[in-house]
Amino acid sequence: MIESVGRALSSPRSRAAVALVSTTVLLAGCGGSGGGSTTAAGTEVPAALASSFPGTKATGAPVKIGLITNEGGSAISQPETRESAQAAMKYANANLGGIAGRPIELVICKTKEEPATARDCANQMVEQKVDAVVLTSSGLGDSMVPIVTGAGIPWTTSIAASNSEGTTANAFSWTGGFPTTMTSMAAYAKEKGYKKVAAFVIDAPAAVSGVEAIGKPVFAKAGVGLQIVTIAAGTPDASPQVSAALRNKPDAVAIVGESTVCTSVLQAMGTLGAGIARMSVQSCVAPEVVDAVGPGMDGLQVFSSFDVASDDIEAQLYRQVMKEYSPSTPTQGYAAIGYQGVLGLVRALHGLTGTVSSKTITAALHSAKNVVLPAGHGITFTCDSKAVPGLPSACSAKEVTGTMSGGKLGKMGVVDPSPLFAR
């Protein structure tokens, strides 16, 4: 995980205040008003989204964009992130003129969340001569980013989860990734007056080292003690770990993991820790978690880079795009990360014309300003390396949050953890 951020947060010289520029102006393909319409496939489009489907089709030779996903592995597999990325590609090609007027062609590689396969995916991107790479999600960025960027290809993701993704030149993360998730949780804990939080973290090196390097410093700065408890992926019953952690009488718990970890911890909390406040990452509201935990989900405070549930115009657009181009994909859970990654790239390159290459894409990304984050509940991103101290690849610092009730996320809002980054 991004150790340099932990060092930056503890270094007085580098804890500069984060200044984010916000805007209400949406780029092409976002929001709008007017009469209802139908798409080429005959899908009805609500009036509020009519201008988001202008039907500007991409033409000419395709722009090859690499898409790396973490599916097919025995422990972790998230095909829904690929499906939403493909939906965003189809939407952009049919309505936004793709990239520079040319259609996007996704070159897909599945890491299986194994280091050897991840490196192979990175090498495939170089061999295929893609113009840019989008990662949906993975903890193996350190195995891939040096290969891709070393070949002069820009690396992009919605949520950086590794040191290389956050600090490498020509790597871009539309959000502050894991550091801003942990910092937003710390800010929320401070606001609620918590003094002790137990963090149940998936037993993966990137996640554990990230919570150690990032979570502990920002929670400490917020005046909150953080206990880290590791849970292996696929653990069917986390009761022993949860019981041991609760002996320290935490005011709240935080869950950082994929759906199996979320399910086992939340089920154990329902039995052993009823009434204790709970925070989690977005993957904990995957459909399989909600189905397994049931009413025990109520009250869970979720931190994420995206909002797919509210009436915000960007959330409506996400649901409409998925209805049109990937109707069988569940829209809750972690699916939107692929959509956000691909459509974020398209929006950041909105002004690109003429030659499309890794070089021109990289230059355009470095100059991207006030870009509306897809499904971002009003968040915008600017890739000027100033959003998060110690994390030059981050293009924004804000985080979306919401509360689970009746199996759905509600009370959506935005957390700005910048004060915990500032000196």
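Everything in this summary refers to the structure shown in the same document. Every value quoted in this text rests on a predicted model; they were computed, and no experiment measured them. (Residues numbered from 1 in each chain as written. Predicted model: local features only at pLDDT ≥ 70, side-chain atom pairs only at ≥ 80, totals over all residues. Heavy atoms only, no water.)

## Quick notes on the overall build of the protein
Basically, it comes down to this: Strands are runs of DSSP state E lasting at least 2 residues, helices are runs of H or I lasting at least 4, and numbering of each runs from the N terminus. A simple rule labels every residue: compare its accessible area, found with a 1.4 Å probe on the protein chains alone, to the largest value its type can have, and call it buried under 20%, exposed over 50%, or partly exposed in between. Contact definition: two residues touch when any of their heavy atoms are within 4.5 Å. Residue exposure ignores everything except the shown protein chains as possible cover, and the areas themselves are Shrake-Rupley values with a 1.4 Å probe.
What the protein contains, in helices and strands, is 14 helices and 16 strands. Across the 423 residues that make up the protein, the buried fraction comes to 58%. Here the analysis covers contacts within the protein between residues at least 6 apart in sequence; of these, 68% occur between residues at least 24 apart. Summed over all atoms, the accessible surface of the protein reaches about 15300 Å², with 52% contributed by carbon and sulfur.

## Some words on the sheet that holds strand 6 (residues 155-157)
Quick reminder of the rule: Strands pair, by our definition, only if DSSP identifies at least two bridges between them. All axes are obtained by fitting lines to C-alpha atoms, using only the stretch in contact for helices, and the reported angles, taken between N-to-C directions, cover 0 to 180 degrees.
Here five strands make up an open sheet; going across it, the order is 4-3-5-6-7 and the pairing parallel. Strand pairing shows two members of the sheet lacking a second neighbour, strand 4 (104-110) and strand 7 (171-173), which therefore form its edges. Strand after strand, the sheet turns through a mean of 25° between neighbouring axes, direction not considered. Across four bridges, the pairing between strand 3 (residues 63-69) and strand 5 (residues 132-135) is parallel. Bridge pairing in strand 5 places isoleucine 65 opposite alanine 132. Each of strand 3, strand 4, strand 5 and strand 6 is contacted by helix 12 (residues 336-348), which is oriented at about 145° to strand 5, the strand it contacts most.

## Considerations on the pairing of strand 11 (residues 277-281)
Along a regular strand, successive side chains alternate from one face of the sheet to the other. Defined as follows: Crossover handedness is defined here as right-handed if the route from the first strand over the helix to the second strand goes clockwise, with the strands pointing away from the viewer.
By the criterion of burial, strand 11 is predominantly enclosed, with four of the five residues buried. Note that strand 10 (residues 252-256) and strand 11 share four bridges and pair parallel. Pairing of valine 253 across the sheet is with arginine 278, part of strand 11. Taking the sense of rotation as the criterion, the β-α-β connection linking strand 10, helix 9 (residues 259-272) and strand 11 turns out right-handed. Across three bridges, strand 11 lies against strand 12 (residues 301-304) in parallel orientation. When the bridges of strand 12 are listed, methionine 279 appears paired with glutamine 301. Crossover connection from strand 11 via helix 10 (residues 287-293) to parallel strand 12: handedness right-handed.

## Description of the environment of asparagine 123
Within the fold, asparagine 123 resides in helix 3 (residues 115-127). Along the backbone, asparagine 123 and alanine 151 are 28 residues apart, and their C-alpha atoms lie at a distance of 9.5 Å.

## Here's the deal with the side chain of threonine 175
Position of threonine 175 relative to the elements: it lies in the loop between strand 7 and helix 6 (177-192). We classify threonine 175 as buried; its relative accessible area is 2%.

## Quick notes on the packing of helix 11 (residues 313-325) against helix 12
Formally: Note that the term roughly parallel is reserved for angles under 35 degrees, roughly antiparallel for angles over 145, roughly perpendicular for angles of 65 to 115, and oblique for everything else. Each residue is assigned to one of three groups, with Ala, Val, Leu, Ile, Met, Phe, Trp, Tyr, Cys and Pro labelled nonpolar, Asp, Glu, Lys and Arg labelled charged, and all others, Gly among them, labelled polar.
Two numbers describe how helix 11 lies on helix 12: the axes approach to 12 Å, and their chain directions differ by 105°. When the axes of helix 11 and helix 12 are compared, the pair comes out roughly perpendicular. Counted together, Glu314, Leu317, Tyr318 and Val321 of helix 11 and Ala336, Tyr339 and Arg347 of helix 12 form the full contact between these two elements. Its residues assigned to classes, the contact of helix 11 with helix 12 comprises five nonpolar, no polar and two charged.

## Observations concerning the pattern of salt bridges
Under the convention used in this document: The salt bridge definition used is simple: a Lys or Arg side-chain nitrogen within 4 Å of an Asp or Glu carboxyl oxygen.
This structure, assessed with the given rule, holds four salt bridges. A salt bridge links lysine 110 to glutamate 71; its shortest N-O distance comes to 3.8 Å. Linking lysine 110 in strand 4 with glutamate 71 in the loop between strand 3 and helix 2 (79-95), this pair joins segments that are 39 residues apart in sequence. Overall, the relative accessible area of 39% leaves lysine 110 in the partly exposed class.

## Some words on the packing of helix 8 (residues 239-246) against helix 9
Applied cut-off: By convention, the crossing between two helices is left-handed when the near helix turns anticlockwise from the far helix through less than a right angle, and right-handed when the turn is clockwise.
Put simply, helix 8 and helix 9 touch, their axes get as near as 9 Å, and they point 55° apart. Classed by the angle they form, the pair helix 8 and helix 9 counts as oblique. In the packing of helix 8 onto helix 9, the handedness of the crossing is right-handed. For the pair formed by helix 8 and helix 9, the contact residues are Ser239, Val242, Ser243 and Leu246 on the first element and Val265, Ala268, Met269 and Leu272 on the second. Of the residues belonging to the contact of helix 8 with helix 9, the class tally is six nonpolar, two polar and no charged.

## A word on the sheet that holds strand 9 (residues 225-231)
Strand order across the open sheet formed by seven strands is 9-8-10-11-12-15-16, with mixed pairing between neighbours. Where the open sheet ends on each side, the last strands, each with one partner, are strand 9 and strand 16 (408-415). Sheet twist, expressed as the average angle between the axes of neighbouring strands with direction ignored, equals 25°. Helix 7 (residues 205-221) contacts strand 8 (196-202) and strand 9 of the sheet and is inclined by roughly 165° relative to strand 9. Packing against the sheet, helix 9 makes contact with strand 8, strand 9, strand 10 and strand 11, and its axis sits at approximately 160° to strand 10.

## Describing the packing of aromatic side chains
As a reminder of what qualifies: Here is the rule: rings of Phe, Tyr and Trp (six-membered ring for Trp) pair when centre to centre is within 6.5 Å. Planes less than 30 degrees apart are stacked, more than 60 are edge-to-face, and the remainder are tilted.
One pass over the full model with this rule turns up five aromatic pairs. Measuring from centroid to centroid gives 6.2 Å for phenylalanine 306 and tyrosine 334, while their planes differ by 50°, and the two rings are tilted. On the criterion of sequence distance, the pair formed by phenylalanine 306 in the loop between strand 12 and helix 11 and tyrosine 334 in the loop between helix 11 and helix 12 is long-range, its members being 28 residues apart. The burial state of phenylalanine 306 is the same as that of tyrosine 334; both residues are buried. Centroid distance tyrosine 318 to tyrosine 339: 4.9 Å. Interplanar angle 75°. Geometry classified as edge-to-face. Within this pair, whereas tyrosine 318 is found in helix 11, its partner tyrosine 339 is found in helix 12, the two being separated by 21 residues in sequence.

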